[in-house]
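Notes for the structure review
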Amino acid sequence: QVQLVESGGGLVQAGGSLRLSCLTSGRSFSVYAVGWFRQVPGTEREFVAAISQTGITTNYADSVKGRFTIARDNAKNVVYLQMNSLKPEDTAVYYCAADGERYYGGNYVKNYEYWGQGTRVTVSS
């Protein structure tokens, strides 16, 4: 079992930056592939970025490519999502998720069995 706790969300103006953190307790984070997803009320959860167990493999949704960066520090049991050049359409609740079965979880929601409670990001125009 792993518990995930997101932090770092908030209100920011368009063009600004935020860094989200996903902290875990329990089993070492290095055995989990991790993904970030986001959700706007009334819509499906959307893939944002993913990172493999070692951090070598990463992938991004086209909508955030070049603006967001996912990284991890397994020694500190944390995964980050650095978000730059934020746009109003980035407004959502952001969720961290962990996949304990694969080296890399990819962009499929169903691959991830552990989820955090989410952190809200609001980008004003």
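In short, a report on the structure. (Residues numbered from 1 in each chain as written. Predicted model: local features only at pLDDT ≥ 70, side-chain atom pairs only at ≥ 80, totals over all residues. Heavy atoms only, no water.)

**Description of the pairing of strand β11 (residues 119–124)**
On β11, burial follows the alternation: Thr119, Val121 and Val123 on one face are buried, whereas Arg120, Thr122 and Ser124 on the facing-out side are not. In terms of strand pairing, strand β2 (residues 10–13) meets β11 through 4 bridges, oriented parallel. Along β11, the bridge assignment pairs Val12 with Val123. Note: strand β9 (residues 92–99) against β11, 3 bridges, orientation antiparallel. Bridged to Ala92 within β11 is Val121. (Buried < 20%, exposed > 50% of the residue type's maximum accessible area, 1.4 Å probe, protein only. Helix = DSSP H or I, 4+ residues; strand = E, 2+ residues; numbered from the N terminus. Pairing = 2+ DSSP bridges.)

**A short note on the environment of Gly106**
Summarising the element assignment, Gly106 is placed in the loop between β9 and β10 (114–115). On the basis of relative accessibility, which here comes to 8%, the residue Gly106 falls in the buried class. Sequence spacing of Gly106 and Arg67 is 39 residues, and the spatial spacing of their C-alpha atoms is 19 Å. Beyond its immediate stretch of four places on either side in the chain, Gly106 contacts Phe37, Phe47, Ala50 and Tyr112. (Contact = heavy atoms within 4.5 Å.)

**Regarding the sheet that holds strand β3 (residues 18–26)**
Overall, antiparallel pairing links the 4 strands, which are arranged β1-β3-β8-β7 in an open sheet. Whereas interior strands pair on both sides, the edge strands pair on one side only; in this sheet they are β1 (2–7) and β7 (68–73). In this sheet, neighbouring strand axes are inclined to one another by 15° on average, regardless of whether the strands run parallel or antiparallel. Two strands pair when backbone bridges link them, and β1 and β3 are joined in this way by 6 bridges, in the antiparallel orientation. (Axes fitted to C-alpha atoms, helices over the stretch in contact; angles between N-to-C directions.)

**As for the pattern of salt bridges**
On inspection of all chains with the given rule, the structure shows 5 salt bridges. When the shortest N-O distance is used, the salt bridge between Glu46 and Arg38 registers 2.8 Å. Taking the relative accessible area as the measure of exposure, Glu46 reaches 36% and is therefore partly exposed. Put simply, Asp99 and Arg102 hold a salt bridge, and the shortest N to O gap is 2.8 Å. Relative accessible area serves as the criterion here: at 29%, Arg102 is assigned to the partly exposed category. In this structure, a network of salt bridges that share partners links the residues Arg38, Glu46, Arg67 and Asp90. (Salt bridge = Lys/Arg side-chain N within 4 Å of Asp/Glu carboxyl O.)

**Considering the environment of Gln13**
You can see Gln13 is positioned in strand β2. Distance from Gln13 to Thr122, taken between C-alpha atoms, is 8.3 Å for residues 109 residues apart in sequence. Residue contacts for Gln13: discarding those within four places in its chain leaves Val123 and Ser124.

**Points about the packing of aromatic side chains**
Counted by the stated rule, this structure contains 5 aromatic pairs. Residues Phe37 and Trp115 carry aromatic rings whose centres are separated by 5.1 Å and whose planes lie at 55° to one another, so their mutual orientation is tilted. Here Phe37, found in strand β4 (residues 33–39), pairs with Trp115, found in strand β10; they are 78 residues apart in sequence, far enough to count as distant. Residue classification places Phe37 among the buried residues on the basis of a relative accessible area of 0%. For the ring pair Tyr112 and Trp115, a centre distance of 6.4 Å and an interplane angle of 70° mean the geometry is edge-to-face. For Trp115, a relative accessible area of 26% translates into the label partly exposed. Members of the aromatic cluster, joined through ring pairs, are Phe37, Phe47, Tyr112 and Trp115. Here Arg45 stacks its cationic end above the ring of Tyr95, 3.8 Å away from the centre of that ring. (Phe/Tyr/Trp six-rings, centres within 6.5 Å; stacked < 30°, edge-to-face > 60°. Lys NZ or Arg CZ within 6 Å of the ring centre and 35° of its normal.)

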